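Overview (structure and organization)
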Amino acid sequence: MELVFAIGVPQEKIAEDRSSVDNFVSRAAAYIFRKHKPNLQLIHLLNVDEVQHKQGPDSPAVKDAVRVQDENIARIRKAIAESGVGDRTVLIIVGDHGFTSIARNLQPNATFRDAGLLEEEDGKVKSWRAIARSSGGSASVYVKDPADVARVRDVLHASAAVDGEVRYTVIERPQLDLLGYNPDAAFAIDPADGWAIVERLAPMAPTVKGNHGQLPTRPGLETGFIAEGAGIRPGVSIPKMRLIDVAPTVAAMLGLDLDGVDGRMLHEVLSIQRSRR
Ligand SMILES: [Zn+2]
């Protein structure tokens, strides 16, 4: 309630849509930073993702959404500058994915049903020997009985291309192990450009125009990393980094030991190399 009163956004307006959530969150972040000066503050702004799902990554609406997010971030930068601790504060802006355009749906569970590997009742899955699960992007394929794996592989390969057009690729377990992928999946399927994977059995047109979650090597799925402030070397460009590099870099800035992580500290952006304790 303190935030609601301090920020002056009526409570019923805070969560009207993703953009109003971002507006409130950025105001709350600025207020909290000024008042409490936390050692670490994390916020998640939503609407650039939302607009790209709804309108597609090439829509002019995306530029508008980015502009509004720029204003939200400016609000936080102003709070940092006026906080009295701006000279020992770092602001990091990071995404966790890019976007691809979606025009058509793949429905692998309907393929499994037609192959007798999944039983449908009233449009829902009644039982399955093989099933695809996806929250967007690529899908995990689970096979209940290991004896069915070879047959499921055949079914997947048989419908991977239709009339010479490749709709998805089948990724086998050895490659999934290299990727650190879900250990319970027998396969993954990664859709070709323009295709989304949905779990539903009944034919359905895409409900989104943009998506993410395919193999991270796909062009367009890269995201950004911007850092400014105390101990950050100005003007440094990082040609390539991984999302898992963010945590060890932030830990180094905070003077914390973070052992046993897979990522690397981005020493090239840090002007002060903290010694390990
Ligand atoms: Zn998203």
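The paragraphs below set out a description of the structure included in this document. (Residues numbered from 1 in each chain as written. Predicted model: local features only at pLDDT ≥ 70, side-chain atom pairs only at ≥ 80, totals over all residues. Heavy atoms only, no water.)

1. Concerning the nonpolar core
Phe112, Val141, Val152, Leu156, Tyr168, Phe187 and Ile189 are the most contacted members of the largest nonpolar core, which has 22 residues in total. Going through the elements one at a time, β5 (130-133), β6 (139-143), α7 (149-158), β9 (168-171), β10 (187-191) and β11 (194-197) are the ones with two or more residues in this core. Formed by 9 residues, the second largest nonpolar core is a distinct cluster that contains Phe225, Val250, Leu266 and Val269. (Core = buried A, V, L, I, M, F, W, Y, C linked by side-chain atoms within 4.5 Å. Buried < 20%, exposed > 50% of the residue type's maximum accessible area, 1.4 Å probe, protein only. Helix = DSSP H or I, 4+ residues; strand = E, 2+ residues; numbered from the N terminus.)

2. Side note on unusual backbone geometry
Phi at Asp122 takes a positive value of approximately 55°, unusual for a residue other than glycine. Positive phi outside glycine occurs at Asp163, with the angle close to 50°. Its location among the elements puts Asp163 in the loop between β7 (161-162) and β8 (165-166). Overall, Asp163 belongs to the exposed group, its relative accessible area being 82%.

3. Digging into helix α5 (residues 60-82)
The end-to-end C-alpha separation of α5 is 34 Å, in line with the 33 Å expected for 23 residues at 1.5 Å each. What α5 keeps buried is the set Val62, Ala65, Gln69, Asn72, Ile73, Ile76, Ala79 and Ile80. Where α5 is buried, its residues touch α3 (18-36), α4 (47-55) and β1 (90-94). Here α5 starts with a cap whose side-chain oxygen sits 2.9 Å from the backbone nitrogen of Ala61, and that cap is Ser59. (Expected span 1.5 Å × (residues − 1). Contact = heavy atoms within 4.5 Å. Polar contact = N/O pair within 3.5 Å; in protein donor to acceptor, adjacent residues only side chain to side chain.)

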